[in-house]
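Tertiary structure, described
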Amino acid sequence: MLKPRSTATRELVNLDGIWRFAVARDSACEPWTGPLDTRLEAPVPASYNDLFTDSAIRDHVGRVWYQRPVRVPRGWAGERVLLRVDAATHEGTVYVDDVLVARHVGGYTPFEADITEHVRPGGEFRLTIGVNNELTRVTMPPGSITVTQDGRRKQTYLHDFYNYAGLARSVWLYSKPAVHVDDITIVTGLDGATGTVDYSVETNAPAPVRVRALDAHGTEVAAAEGPNGTLRIDDVTPWRPGAAYLYDLVVDVLDGDGEVVDTVTEQFGVRTVEVRGSRFLINGEPFYFTGFGKHEDTPVRGKGHDDAYLVHDFQLMEWIGANSFRTSHYPYAEEVMEFADRHGIVVIDETAAVGLNLAVEAGLLGTPPRATFSDETFGDDTRAAHAQAIRELIARDKNHPSVVMWCIANEPSSNERGAREYFEPLVELTRTLDPTRPVTYAAVMFATHENDLIADLFDVLCVNRYYGWYIATGDLATAERYLEGDLRGWAGTFGKPIMVSEYGADTLPGLHSMWDAPWTEEYQLAYLEANHRAFDRIDALVGEHVWNFADFQTSNSIHRVGGNKKGVFTRERHPKAAAHALRRRWLPLGGRKPSPTGEYLKTE
Ligand code: BDP
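Residues numbered from 1 in each chain as written. Predicted model: local features only at pLDDT ≥ 70, side-chain atom pairs only at ≥ 80, totals over all residues. Heavy atoms only, no water.

So, the overall build of the protein chain
Applied cut-off: Only runs of H or I of at least four residues qualify as helices and only runs of E of at least two qualify as strands under DSSP, and these elements are numbered from the N terminus. Atoms counted for the radius of gyration: C-alpha only. Globule rule: 2.2 Å times the number of residues to the power 0.38. Residue burial is assigned from relative accessible area. The probe radius is 1.4 Å, only protein chains are included, and a residue is buried under 20% of its type maximum, exposed over 50%, and partly exposed in between. Contact between two residues is taken to exist if any of their heavy atoms lie within 4.5 Å; hydrogens are not considered. Exposure was quantified through the Shrake-Rupley algorithm and a 1.4 Å probe, taking into account, for residues, occlusion by the shown protein chains and nothing else. A residue counts as positive if it is Lys or Arg and as negative if it is Asp or Glu; His and the chain ends are not included. By convention, the point assigned to a charge is CZ for Arg, NZ for Lys, CD for Glu and CG for Asp.
Counting its regular elements, the protein chain contains nine helices and 30 strands. Whereas a compact globule of 604 residues would reach a radius of gyration of roughly 25 Å, the protein chain reaches 24 Å, a difference of no more than 12%. Along the first, second and third principal axes, the C-alpha set of the protein chain runs to 70 × 70 × 45 Å. By the burial criterion, 59% of the 604 residues in the protein chain qualify as buried. Long-range contacts, defined as pairs at least 24 residues apart, comprise 72% of the intrachain contacts of the protein chain with a sequence gap of at least 6. For the protein chain, the exposed area adds up to about 23,700 Å²; of that, 51% sits on carbon and sulfur atoms. Here the protein chain contributes 61 positive and 86 negative side-chain charges, whose respective centroids are spaced 3 Å apart.

Topic: the domain arrangement of the protein chain
We count it as follows: Domain ranges listed in this record stem from an automatic or a database domain assignment. Two parts placed together each lose some accessible area; with a 1.4 Å probe, that loss summed over both constitutes the buried area. For this document, the term salt bridge refers to a Lys or Arg side-chain nitrogen within 4 Å of an Asp or Glu carboxyl oxygen. Think of a polar contact as two N or O atoms within 3.5 Å of one another; within protein, one of them needs to be a possible hydrogen donor and the other a possible acceptor, and neighboring residues in sequence only count if both atoms come from side chains.
Assigned domains within the protein chain: domain 1 (12-176), domain 2 (181-271) and domain 3 (286-586). Across the boundary between the two partners, domain 1 contributes 28 residues, which contact 45 residues of domain 3. The junction of domain 1 with domain 3 conceals about 2,800 Å² of combined surface from both sides, 59% of it contributed by carbon and sulfur atoms. The largest share of the area that domain 1 buries against domain 3 comes from Arg137, Met140 and Leu158, three residues that together contribute 25% of it. Run the count over domain 1 and domain 3 and you get four salt bridges. Note that arginine 137 and aspartate 381 form a salt bridge whose closest N and O atoms lie 2.9 Å from each other. Where domain 1 meets domain 3, there are 18 residue pairs in polar contact (both at pLDDT 80 or more).

Observations regarding the side chain of histidine 329
Position of histidine 329 among the secondary structure elements: in the loop between strand 24 (324-326) and helix 3 (334-343). Within the structure, the side chain of histidine 329 is placed 2.8 Å from the side chain of glutamate 350, a separation counted as a polar contact. Look past the residues within four positions of histidine 329 in its chain and what remains in contact with it is Phe161, His295, Glu350, Thr351, Ala352, Val354, Asn410, Glu502 and Trp547.

Things to note about the confidence of the model for the protein chain
What counts is decided by this rule: The pLDDT score gives, residue by residue, the confidence of the prediction method on a 0 to 100 scale.
For the protein chain, the mean per-residue pLDDT works out to 95, and 97% of the residues sit at or above 70. Per-residue pLDDT stays below 50 along residues 598-604; that stretch engages in 19 contacts with residues further than four places along the chain or on separate chains.

Some remarks on the side chain of glutamate 411
One can find glutamate 411 in the loop between strand 26 (403-410) and helix 6 (419-433). Of the side chains bearing the opposite charge, arginine 465 lies closest to the buried glutamate 411, which forms no salt bridge; the N-O distance is 6.6 Å. Side chain to side chain, glutamate 411 and asparagine 464 meet in a polar contact 3.0 Å long. Setting aside chain neighbours within four positions, we find glutamate 411 in contact with Leu356, Asn357, Ala442, Ala443, Val444, Asn464 and Glu502.

Examining helix 6
We count it as follows: Here the expected span of a helix is defined as 1.5 Å times the quantity of residues minus one. Throughout, the arc means the angular range of directions from the helix axis out to the C-beta atoms.
Taking 1.5 Å of rise per residue, the 15 residues of helix 6 would be expected to cover 21 Å, and the 21 Å separating its terminal C-alpha atoms lies within 8% of that figure. Every buried residue of helix 6 is accounted for by Ala419, Tyr422, Phe423, Leu426, Val427, Leu429 and Thr430. Summarising the axial view, the buried residues of helix 6 lie within an arc of 160 degrees, below the 170-degree limit, and thus occupy one face. Exposed positions of helix 6 whose direction lies more than 90 degrees from the buried face are Glu421, Glu428 and Thr432. Elements in contact with the buried residues of helix 6: helix 5 (380-397), strand 26 and strand 27 (439-443).

Okay, here's the thing in C-alpha cells:
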C-alpha cells in the first residue's frame, strides 16, 4: 500500500490540526447525520485519552467522534479523490457528510476511501470519523469488556501498555489520476558490485509502464519498461546499517500517445537479508543487533505521532550506539519507518498480536488458568484477525530497506496446546506474502527450549528474558547462571540465531543504593552487565534489545508505579545511569558481536 505523496500527477492535502471532538455516549447516533454538537476539540494527530481532565473521557469504552470541514481543491476536476487515515485506533468509521465511506478494524495500519462520487472539486464537505477503542477476542491486540456492578463498561487487556486511542497519526486528502499506479513491490539483491532490483507495478487498468532508478543525486542509473522486471545497478551503493543509501524508483504510467498520466516515486535501498546457520546476515555480513524494544508513547500525546520526538529518539539511539529497534508491540507510524530507512537504523517490524497468552493472566491475577487457544478464547476468528494484521503490515512496510525481519507476535503462549495449529498457517502466510525476510516471534519466559511448540517454524528465535527481575530478583549471580543455561538450551536445540528481544529492570531515576537493590539506578546497570556477561558467552546470540527505550504509560495495576519504568531513558527522554553504560558497550561494537575472546562473529 503506497504512502500518498505529492507528485507531478498527484496532490496531497494534510488534514491535521484541531478537530471537533465528542464522546459517543449512545451508539444509536450512528450513522452520523449532522454537525457535532460539542464544546470539545482535539488535535490530530494525538491520542485523546490524556488531553482532557474529565476521567470519563479517559476511561471511555466505545466510540468517539472527530469532525472537521474539508474543502476539495478546485483543480481536482477529473481526478479521483481519496481520503487516507494513517491510523484510527482501533476501529475507524468514516463519513463524508452523511455517507459512510469506510470502516476499518486494526488500530495501527492505514486505510483509504475513494470519495470521488461524494464530493465536488471546489466544494466543502463535513468529514466525520468515529473511532472505537474496544478490544475483543477478535481484535489485535485482543482484550475483553466487562460490565461493573454499577453498570459501567470496563476494558481489560493482557498487554502492558495503556490502550491509547483516537486519531494518533495523520489524515490526508489526495488526488490521483483516473488511470493510476495502485501498488509497487521492490525486492533487491546483490550480485557482486551490481544491485538487482526486482520490481512489480500494479495499475488499476492495463496501461504501459516505464520505470527509472535514480541515485541519491537524481542521476538515472537504470531503466526498464513493463509492469514487472529487473533493473541492474552497476557499482551499486548498498543500504547498510549505519550507512543508509536510498535510490528512487520513478514509476510512470503512460497513455496510448506515450504521455505520462501518472507518476509515483518509491524510495528503496539495495540490501540483502539472510539467516545462515546461527548468523543473521545483512549484505552477506554478520549483523549484531543492539538497541531497544520501543513504544510510541509520550506525555499528553499518548501514541500521537510527533516529529520532534521522532528526531530526538533517533538522536538518542545514535548517541547510545543502538543500531536497531523492534516496533514493539504494533506497527509504528510510517514516518518512523522512513526515518529509519534514511538513517540506516535496522527495524524488526511487529504486528499488534500481543497478549495471546492466558497463562500470563492466570499468573498475574491468581485466577485458574484458561486455555489460550480454543473456540471460546483465541480461536479461528482470532487467527483470521491476526492474519489480516500480518497482511496489512506487510502491505504497508514491504519496501522499507530498514525492515529486516517480521515479528508476528509478542509473547504468545507458545508452550500451550493449540499453539502450533494456531501459528503454523500464520507463519506460512507471512512467508507467502514476503519470501525475502526472516520471520520471528518474541518468546515469553515460560516458553523454554524444552516446551515451546512453535520455535522450529521460525528463522530467528527472539526470547524475552527477565532473569534478575521477575526471576531471581535481586540475585544477579543466580540470574546470570540461569540466563546462560536458558540461552544454551535454545542454541543447542534449534541451531538457529537467537536474540534476546527483551531484558530490563524497572528503575526509578534518582533512587540509589550501595547494594543490589531492585528499582535503583545502580541495579539497572548491574542487571544489564550481568545479562551482557551471559550474552557474550553464547555464540549463537545475534542481538540484544533492552526493554525499554523509555518509560511508558500502562493501565492501572499494582505491578506498575506510574507506568512501566524499565526505560533506559525516562518518559521525558532523560538518561538514567544505565544509558551511559550501554553507550560504552554498544558504540565500539558497530554492529559486531563481542565474544569472550574479543573476536567478532564470522560468517559460517
Ligand atoms: C514483557 C512484555 C512487555 C512488558 C515487559 C515488562 O513483552 O510488553 O512491558 O514484559 O514486564 O512480558 O516490563
